[in-house]
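Inside the fold
If you want the building blocks of each chain, they are given just below.
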Amino acid sequence: MPRQSASLDLATPERIAETALWLVDQQGPGALSFRTLASALDISVASLQRRCTDLAGLLDLVTDQLAAHLPEISPGTDWATATETRFTALYELLTAHPGLVALRGSRPWLGPQLLKRLVEPQLADSLAAGMTAEEAFTCYRRLYLLTLGSASFVDHRDPKSAQAATRRALAALDPEEFPVLTGHLAAILPAMADHQVYFGGLRQLIHAAAPIRTDRDHDHPTGLEPTDEAE
């Protein structure tokens, strides 16, 4: 069998993604290059490039392979539960691989698996629950930005470093000019890498966006827009 064919057999999308992710997780985002990845896979750079033309294509491949692990929600699951499950899974995936998040930067996460596992079913559920298309897309965008932003700015695998960097920055401030920031370290530092900050925000957004919910004070349906009570 020609060497090129053998290399392509070794360079399956799954193996490429798994090895690239291992390099980034273990050695940092700067370790990922076509040369280092091809060496780790024991294939030629040319064979790797036939699978992934450039770094952007490689990152798309890795992201989509990861997205295949997002959960499929059982039919009939209520909207709020399904929404929290999907976005919690995305958040956990992102925070587990901060190097990949850093490499992708502002590039959109729009691979087929992410669209299939997250975007399409979330929008479909929102429409089925009574949202308009505009409300469904706006709600999705808010939840997505909260999730991506919460995962992007702190390496949650190393919370002590994030807190130490914040402590150093605040220690350099003049207490007279910044009395709140310098006077509340005990509250600020834990929040820098607290997963509950994200989960609390996620649930608040879900509650606010829920197309139908029960108002405990008035015991009538409320939603994204005011509705007339049934006569």
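Structure's up top.
These notes cover the structure that comes with them. Nothing here was measured: the structure is a model prediction, and the numbers come from that model.

A closer look at the overall build of the chain
What the chain contains, in helices and strands, is 13 helices and two strands. By the burial criterion, 35% of the 231 residues in the chain qualify as buried. If you sum the accessible surface of the chain, you get close to 13,600 Å²; carbon and sulfur atoms cover 55% of it.

Details of helix 9 (residues 133-152)
The first and last C-alpha atoms of helix 9 sit 28 Å apart over 20 residues, in line with the 28 Å expected at 1.5 Å per residue. Within the span of helix 9, buried status applies to A136, C139, Y140, L143, Y144, T147, L148 and A151. Looking down the long axis of helix 9, one finds its buried residues gathered within 150 degrees of arc, a one-sided arrangement. Residues of helix 9 that are exposed and point more than 90 degrees away from the buried face comprise E134 and R142.

Observations concerning the packing of aromatic side chains
Scanning all chains against the criterion turns up five aromatic pairs. With a centroid separation of 5.8 Å and an interplanar angle of 50 degrees, the aromatic rings of F87 and Y140 are classed as tilted. Taken together, the residues F87 in helix 6 (residues 79-96) and Y140 in helix 9 connect sequence positions 53 residues apart. On the basis of relative accessibility, which here comes to 11%, the residue Y140 falls in the buried class. Judged by centre distance (5.5 Å) and plane angle (70 degrees), the rings of Y91 and F199 are edge-to-face. Taken together, the residues span a long stretch of sequence, with Y91 in helix 6 and F199 in helix 13 (residues 195-209) at a distance of 108 residues. Taken individually, Y91 and F199 each receive the classification buried, so the pair is uniform in this respect. The rings of F87, Y140 and Y144 are connected pair by pair, giving a single aromatic cluster.

Brief notes about the pattern of salt bridges
Per the stated rule, a full pass over the model turns up five salt bridges. Across the pair R104 and D60 runs a salt bridge, and its minimum N-O distance is 3.1 Å. Highlighted residues: R104 in helix 7 (residues 98-104) and D60 in helix 5 (residues 55-67), separated in sequence by 44 residues. Residue E72 is joined to R117 by a salt bridge in which the shortest nitrogen-to-oxygen separation is 3.6 Å. Placement of E72 in the loop between helix 5 and helix 6 and of R117 in helix 8 (residues 112-128) is noted, with a sequence separation of 45 residues between them.

A look at unusual backbone geometry
Even without being a glycine, D42 presents a positive backbone phi close to 60 degrees. Among the structural elements, D42 can be located in the loop between helix 3 (34-41) and helix 4 (45-51). Among the residues examined, D42 registers a relative accessible area of 52% and is labelled exposed.

Notes on the environment of S161
Tracing the chain through its elements places S161 in helix 10 (residues 159-171). Note on S161: relative accessible area 39%, which makes it partly exposed. Expressed as a C-alpha distance, the spacing of S161 and A193, which sit 32 residues apart in the sequence, is 9.6 Å.

A closer look at the nonpolar core
Core analysis: the largest hydrophobic core is formed by 50 residues, its most contacted members being I16, L37, L58 and F87. Counting residues per element, the ones that place at least two in this core are helix 2 (13-27), helix 3, helix 5, helix 6, helix 7, helix 8, helix 9 and helix 13. Sequence-distant contacts of I16, that is, excluding residues within four places in its chain, are made with A11, L37, L41, L48, R51, C52, L58 and L61.

Observations concerning the environment of G105
Along the polypeptide, G105 turns up in the loop between helix 7 and helix 8. In this structure G105 comes out as partly exposed when scored by relative accessible area, which is 42%.

What to know about the side chain of D64
Turning to its location among the elements, D64 is positioned in helix 5. Apart from the residues within four sequence positions on either side, D64 is in contact with G111, P112, Q113 and L114.

Quick word on the environment of W22
As for its position among the elements, W22 is in helix 2. Sequence-wise, W22 and H97 are 75 residues apart; in three dimensions their C-alpha atoms are separated by 9.5 Å.

Basis of the calculations
Residues numbered from 1 in each chain as written. Predicted model: local features only at pLDDT ≥ 70, side-chain atom pairs only at ≥ 80, totals over all residues. Heavy atoms only, no water. Helix = DSSP H or I, 4+ residues; strand = E, 2+ residues; numbered from the N terminus. Buried < 20%, exposed > 50% of the residue type's maximum accessible area, 1.4 Å probe, protein only. Areas by Shrake-Rupley, 256 points an atom, 1.4 Å probe, with all protein chains shown as cover. Expected span 1.5 Å × (residues − 1). Arc of directions from axis to C-beta. Phe/Tyr/Trp six-rings, centres within 6.5 Å; stacked < 30°, edge-to-face > 60°. Salt bridge = Lys/Arg side-chain N within 4 Å of Asp/Glu carboxyl O. Core = buried A, V, L, I, M, F, W, Y, C linked by side-chain atoms within 4.5 Å. Contact = heavy atoms within 4.5 Å.

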